[in-house]
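# Observations on the three-dimensional arrangement
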Amino acid sequence: MEQELLIEGDVQVLGDSSSSNTLDTPQVGMYFSSEEEVRAFYKSYAQGLGFGISKLGSKKGDDGQIKYFSFGCSKNGKTVPKVKNSFYPRACSKTDCKAKINITVHNDELCVITSIQLEHNYALSPRKSRHFRCNKVLDSQTKRKLELNDQAGITLSKSFQSFVVEAGGYENLSFDERKCINYVAEARRLRLGNGDAEALNNYFCRMQSRNSNFFYVIDVDEDSRIRNIFWADARCRAACDSFSDVVTFDTTYLTNSYDMPFAPFVGVNHHGESIFLGCGLISKEDSETFIWLFKSWLACMRGRAPRAIITDQCKAMEIAILEVFPDSHHRLCLWHIMKKLPAKFSSHANYKLIKRNLKNIVYNSLTSTECDSNWKKFIKEFNLEKNDWLNSLYEIHHKWMSVYVKDKFWAGMSTSQRSESMNTFFDDYVHSKTTLKQFVEQYDNALKSKIEKEDNSDFASFNSIIPVISGNPIEKQFQSVYTNKIFKLFQNELRGLMFCNTSFVKEEGSTLFFEVMETVYGKDGTTPKEISFWVQYSELQCQMKCLCRLFEFRGIVCRHLMSVLVKRKVTTVPEHYILERWRKDIKRGYQGITNIYDDSCQHAEERRRYNNLQPLLQEVGQLGSKNDERCFVLIGILKEAKKRFMDTNIGDSLDGDHDSNIIHEESRNESKKFHSPLKVRSRGHPPMKRKQSKLEQIEKRAKPKSRKKGSTIDRKQDELSNIEQIDKFSESQRLFRLDKELLVPNDIIQTMERTRSFEKPIDLLQMHADLFKEGESAKMNFEINDYPGYGDEVFHKGKS
């Protein structure tokens, strides 16, 4: 008995499936050449009718060959609930449907349908057939895009949405987002390894095989579970020869699903930009862990300790630095300290005055005597003698106040925000849910981007020159040797000369003393303030020294020294005032190490052939989507081409890839086994990337969400754009249909990629492209025999 139910325009058939007149119904006695052909036939029938299929079983003969198998409805059988709590049962899709076909395999390998059962015990819906698991298929082009986007750091949701837009809707896709998620997870597993620990170890071994100077250390516990990791590539190690004099270290950034703080060692390159000098992932923030990490970095850099290091206010770090870097100047991050002001004094009645006075002491004190005097007045004025936080800060004032540390070289850094800027840079690649296996891959992508940015800066300094603003010979001297970005900083000092008035004070032996009066204006250009800077100048010894200590602190000659040089009519700065680390005319060893992140050895030839074929295929696809006639003709061409390629097995097999996989698997098995780290919560870190004070959280919540209101012109443009989209809809549908057939050339490509004779098939497709351009679609009946030489040489070629 046949029944029909009409639900929302979708005909659902219950009972005998033979009611369909448009589908090839399975019949007893039908012959097929292989099991795959049977599957394809039954799947097409099931998809048109509205049910899913699965293989129910098979039997083998005495010779080990399959003699019998059957395909049936995916709802065959019953589900036995495994949940103990019957109050919360899981959904079940099984209905014990008996629909199936039985197939017998003859000795000549022909498959014959011997019995059929077409009736289903549930309602069928052709519109919903795409949701069955058997109908969710990823084609080769989609797989390639997913893998490339995943390696580039593009989120899977964005990749999937691009497929939806390209297809013109979800209903036109042969897969769903879950299928993409599963494929990407499997691709990562094959590419990186099963677990995070295995992926990390494989990555380190692979990097060390590319360059023997790659350095890594893994700290494990008694159960061989990863606790701490440190690594630095060959470029980082070479860069330390030039830029390890000043290093910042910060651990307030969480980058992975284990909540292991990311601990980068960051320096400053010749452009004044951040440069990576190694990094670690740590499980704890105690002195023992930091000692292990600092010793690992010291061993990596061949015992070369930094001259100066900047960290946040952490006692454990201080203990570790005293033990591992006893001769290094340790400075606390000024930004971290000043950031605590709202939390410490926001409830105070004179909070704004306290904040203003404290900042004035910290930033504007020129001498230690002046700083001490102003500090005592400040404490007394606001009755803060018993404030424990301020008292503790004053005890270590030599580690964070600018006036006490500016006589040492810090490359212009007063805070550890170099590390934080590097962390912000990594935001584009990793997040708090990133696994370790994803992190090591995205780390490569991030470092590639960083190298490219430095190359761009090198090219800018090589290819262009910033014009001088004064014509002073000293400015021209710095222009010829300094990088553009550093030269800009020097020009800022030259601009300040207009506010400086220099006068000679006295002479002691060979040393001359000058007073430079600088006029400093407020933010509104009013309330000028006169500040006196003393400058010592020794022409005999070629030595200069200014009270501001800008050269000692940043390595750039200050405006006060320039004012004295101008007054003394000096035209050339001594060579020791031109720091080598800022020069652009020096070739540094690390700059030649650029290919350590690229996997250039794997599939290079295959990638080259694919890149040669893909532009032509895209051009043919665009031409074929112009109208339905062209689309139909090109689909026929591509199907025939695919059939001929598949039948003749052109090119090499995948043996080469298989061998490489075996070698890679053997290298995995030979390496030492580690276990993934336990999820930890770093000391004092909330579950967010950056620590935020209460005031910052309140301010963030208080900020209104801005809404962009489009203008009338914008709305009209949107309406016109919508009309254009409607006009192009039919063409886009043809393009998507054709794109599905263009997956056939991808199969052709995969075959042609493995043979060296791919020029003639390109010529063949180019001929069709030319016919499209001439509008001669009638001449495009695809017969390989019409092209002499192709059938024998390409389409019927054996393994090369």
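Use the structure listed above.
Note that this is a predicted model, so its numbers are computed, not measured.

### Regarding the packing of helix α17 (residues 473–481) against helix α18 (residues 484–495)
Packed helix pairs are characterised by how far apart their axes lie and by the angle those axes make with each other. Packing of α17 against α18 brings their axes to within 10 Å, and their N-to-C directions diverge by 165 degrees. Between α17 and α18, the crossing angle belongs to the class labelled roughly antiparallel. α17 and α18 meet at a crossing whose hand is right-handed. Here I474, E475, F478 and Q479 of α17 come into contact with α18, specifically with F487, F490, Q491 and L494. Tallied by class, the residues present in the contact of α17 with α18 amount to five nonpolar, two polar and one charged.

### Here's the deal with the sheet that holds strand β9 (residues 226–232)
Strand order in this open sheet of seven strands is β8-β9-β12-β11-β10-β13-β14, and the pairing throughout is mixed. Bordering the open sheet on either side are β8 (215–220) and β14 (329–332), each of which pairs with just one other strand. Averaged over all neighbouring strand pairs, the angle between strand axes comes to 20 degrees, with direction disregarded. Pairing of β9 with strand β12 (residues 274–281) involves three bridges; the strand directions are antiparallel.

### A few points about the pairing of strand β6 (residues 100–105)
Remember that side chains alternate between the two faces of the sheet whenever the strand is regular. Direction of pairing for strand β5 (residues 66–73) relative to β6: antiparallel, over a ladder of five bridges. Counterpart to G72 in the pairing with β6 is K100. Of the pairings in the sheet, the one linking β6 to strand β7 (residues 111–117) comprises six bridges and is antiparallel in character. Across the sheet, V105 pairs through a bridge with C111, a residue of β7. Two successive antiparallel strands, β6 and β7, enclose a turn made up of five residues, where E109 displays a positive phi of approximately 70 degrees.

### Focus on helix α1 (residues 35–49)
The terminal C-alpha atoms of α1 lie 21 Å apart, and with 15 residues this matches the ideal 21 Å at 1.5 Å per residue to within 8%. For α1, the set of buried residues is E35, V38, F41, Y42, Y45, A46 and L49. When α1 is viewed along its axis, its buried side chains cluster within an angular range of 130 degrees and face the same direction. Downstream of α1 by a residue or two, G50 has a phi angle that is positive, lying close to 110 degrees.

### Overview of empty space enclosed by the protein
The rolling of a water-molecule-sized probe over the atoms marks out the regions of remaining empty space. Following the criterion strictly, the structure yields two cavities of 30 Å³ or more and no others. The computed volume of the largest cavity comes to approximately 130 Å³. Taken together, 14 residues line the largest cavity, and the ones lying closest to its centre are R235, I275, F276, L447 and E454. Listing elements by their share of the lining of the largest cavity, those giving two or more residues are α6 (234–243), β12 and α16 (436–463). The dominant element in the lining of the largest cavity, judged by the number of residues it contributes, is α16, at four residues. Split by residue class, the lining of the largest cavity holds seven nonpolar, two polar and five charged.

### Let's talk about the pattern of salt bridges
One pass over the structure, following the stated rule, counts 21 salt bridges. We note a salt bridge from D219 to R227, for which the minimum N-O separation is 3.2 Å. Take R227: its relative accessible area is 34%, and that puts it in the partly exposed class. Here D407 ties to K408 by a salt bridge, and the two come within 3.3 Å at their closest N and O atoms. The class for D407 is partly exposed, based on a relative accessible area of 39%. When its relative accessible area of 28% is taken as the criterion, K408 is described as partly exposed.

### A short note on the sheet that holds β5
For sheets, the rule is that strands pair by backbone hydrogen bonds, running either parallel or antiparallel. Pairing is antiparallel in the open sheet, where five strands are placed in the order β3-β7-β6-β5-β4. Looking at the sheet topology across the chains shown, the edges are occupied by β3 (31–32) and β4 (53–60). Pairing between β4 and β5: seven bridges, direction antiparallel. Counted as the bridge partner of K59 is Y68 from β5. Of the strands in this sheet, β3, β4, β5, β6 and β7 are in contact with α1, which crosses β5 at around 15 degrees.

What counts and how
- Residues numbered from 1 in each chain as written.
- Predicted model: local features only at pLDDT ≥ 70, side-chain atom pairs only at ≥ 80, totals over all residues.
- Heavy atoms only, no water.
- Axes fitted to C-alpha atoms, helices over the stretch in contact; angles between N-to-C directions.
- Helix = DSSP H or I, 4+ residues; strand = E, 2+ residues; numbered from the N terminus.
- Parallel < 35°, antiparallel > 145°, perpendicular 65-115°, else oblique.
- Left-handed = near helix turned anticlockwise from the far one by under 90°.
- Contact = heavy atoms within 4.5 Å.
- Nonpolar A, V, L, I, M, F, W, Y, C, P; charged D, E, K, R; others polar.
- Pairing = 2+ DSSP bridges.
- Expected span 1.5 Å × (residues − 1).
- Buried < 20%, exposed > 50% of the residue type's maximum accessible area, 1.4 Å probe, protein only.
- Arc of directions from axis to C-beta.
- 1 Å grid on protein atoms, 1.4 Å probe; cavity = no way out; pocket = protein on both sides within 12 Å on 5 of 7 lines; lining within 4 Å.
- Points joined across faces, edges and corners; volume = space filled by probe spheres on them.
- Salt bridge = Lys/Arg side-chain N within 4 Å of Asp/Glu carboxyl O.

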